[in-house]
Amino acid sequence: MTGYSLQCAWVDGAVLDDVLVEVAGGRFTRVTPDVAAADVPRATRLAGLTLPGLANAHSHAFHRALRGRTQRGRGTFWTWREQMYDVAGRLTPDSYRELAAATFREMVAAGYTSVGEFHYLHHQPDGTPHEEPNAMRDALRDAAETAGIRLVLLDTAYLSSGFGAPPEGVQVRYSDGSGAAWAARAGAGPAAIHSVRAVPRDELHHFRGRHPLHVHLSEQVAENDGCLAAYGLTPAGLLHAEGLLGPGTTVVHATHLTDADIELLGSTRTNVCLTPTTERDLADGIGPARRLADAGCRLSVGSDSHAVVDPFEELRGLEMHERLATQARGHFTAAELLDVATAHDVLGLGDVGRIEVGARADLVTLDTTSVRTAGTGDDEHTAVFAATAADVTHVVVDGRVVHRRGDESTVGGALTETIGRIWS
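First, a word on scope: everything that follows refers to the structure included in this document. (Residues numbered from 1 in each chain as written. Predicted model: local features only at pLDDT ≥ 70, side-chain atom pairs only at ≥ 80, totals over all residues. Heavy atoms only, no water.)

1. Side note on the overall build of the chain
1) Next: Helix and strand counts for the chain come out as 13 helices and 15 strands.
2) Next: Relative to the 2.2 N^0.38 estimate, which gives 22 Å for 424 residues, the radius of gyration of the chain is 21 Å and therefore close to what a compact globule would have.
3) Next: In terms of overall dimensions, the chain has C-alpha extents of about 65 × 45 × 40 Å along its principal axes.
4) Next: In the chain, which comprises 424 residues, the proportion classed as buried is 59%.
5) Next: The contacts in the chain between residues at least 6 apart in sequence include a share of 73% that link residues at least 24 apart. (Helix = DSSP H or I, 4+ residues; strand = E, 2+ residues; numbered from the N terminus. Rg over C-alpha atoms; globule rule 2.2 N^0.38 Å. Buried < 20%, exposed > 50% of the residue type's maximum accessible area, 1.4 Å probe, protein only. Contact = heavy atoms within 4.5 Å.)

Now the structure itself:
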């Protein structure tokens, strides 16, 4: 058994002082506030504000190699996509393992303890399967184990360059050829539809009953226009018609929605993952986060393209984007945003994201004395409206310490080396 004395911690919707937690078998066995540190000398004291582990509900690990390179000029989402394809064409299982391990370590250092990896880089560059058909998927699993992050691998179907057209260029390494072939390779478990433009309507039936199921939705106006032209439905309308919305499904981005789309997503209790730092980096637009929450959608966040890996910046983005769009403040409380940050349930993980007896023992501790956090109150507002990933000092996943202050230089060094090799 391991014990921690937490100076203050977010427990059951409030910040409590001097919280003693005990961990055995990777789960919390005791959570007791107001226990003086002097009374438990064998417990490790964690100074600062401790949160439950945070969930990165949407990631493309290989996009991390693009940071600092795709921001150098003008363009659109579609021109950025060509640069992304360049990286996608370069990776092997070995280089993917190295890049993903370094990226996942960056996530852990930022306070993410679970990640939903939206994985569609399946085959060799010419589309030929690897000798081990899931070599790229296995590389991601190895990388997550190395980094100490909890991985939910969302094996993603990508069959078309757009509304039935065959894959083009590097897209051939994404495609299994058909929904049936995808299902045979992917097997059971979490899954994803890349988008309604990448999986034709007559293939969507393969995804019914898959939970969790994730899908990019209405990220771009062009996607909506193409879907309307092909099927006479919006992307949300199409997924609903095919029986694919509901509490087991998470749609990602949901940036360009009609009023009817919002009502449909809310009434079906479909989850929505927003990625504010990526959405603004790619000039996607501002999604209707508050309206979706009010309609009944469970919100989560993700680092997506990893232009930024910082859960606190993602949370601020939800509120700040709403302020920009409406010219009014105060759309989400700090408590609501911490609930969004700990939405491991959208990844099918119902026992994570709470400091309570029986839950998986994930802890993320923030320095409350840094130049960013000092004087901010040492409460939930400190976490959401002041802290950054640089304030994370200690991370525990399933009771195992996976990050300590001082590890940052080794994380940065690994990123420098592996990304340098990819581009050389």
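Once the structure has been displayed, the description carries forward.
2. Focus on the nonpolar core
1) Next: Counting residues in each nonpolar core, the largest one holds 109 residues, and the members touching the most others are Phe62, Leu91, Phe104, Tyr174, Val251, Leu292 and Leu299.
2) Next: The residues touching Leu299, leaving out its near neighbours within four places in the chain, are Val272, Leu274, Ala289, Leu292, Ala293, Phe332, Val340 and Ala343.
3) Next: Residues Ala9, Val19, Ile355 and Val396 belong to the second largest nonpolar core, which totals 14 residues. (Core = buried A, V, L, I, M, F, W, Y, C linked by side-chain atoms within 4.5 Å.)

3. Points about the pairing of strand E10 (residues 249–253)
1) Next: Of all 5 residues in E10, 5 are buried, a share of seventy percent or more.
2) Next: Note: strand E9 (residues 213–217) against E10, 5 bridges, orientation parallel. Counterpart to His216 in the pairing with E10 is Val252.
3) Next: Pairing analysis gives 3 bridges linking E10 to strand E11 (residues 271–274), with the strands arranged parallel. Looking at the pairing, Val252 lines up with Cys273 of E11.
4) Next: Each parallel crossover has a hand, and the one from E10 via helix H7 (residues 259–267) to E11 is right-handed. (Pairing = 2+ DSSP bridges. Right-handed = clockwise from strand over helix to strand, strands pointing away.)

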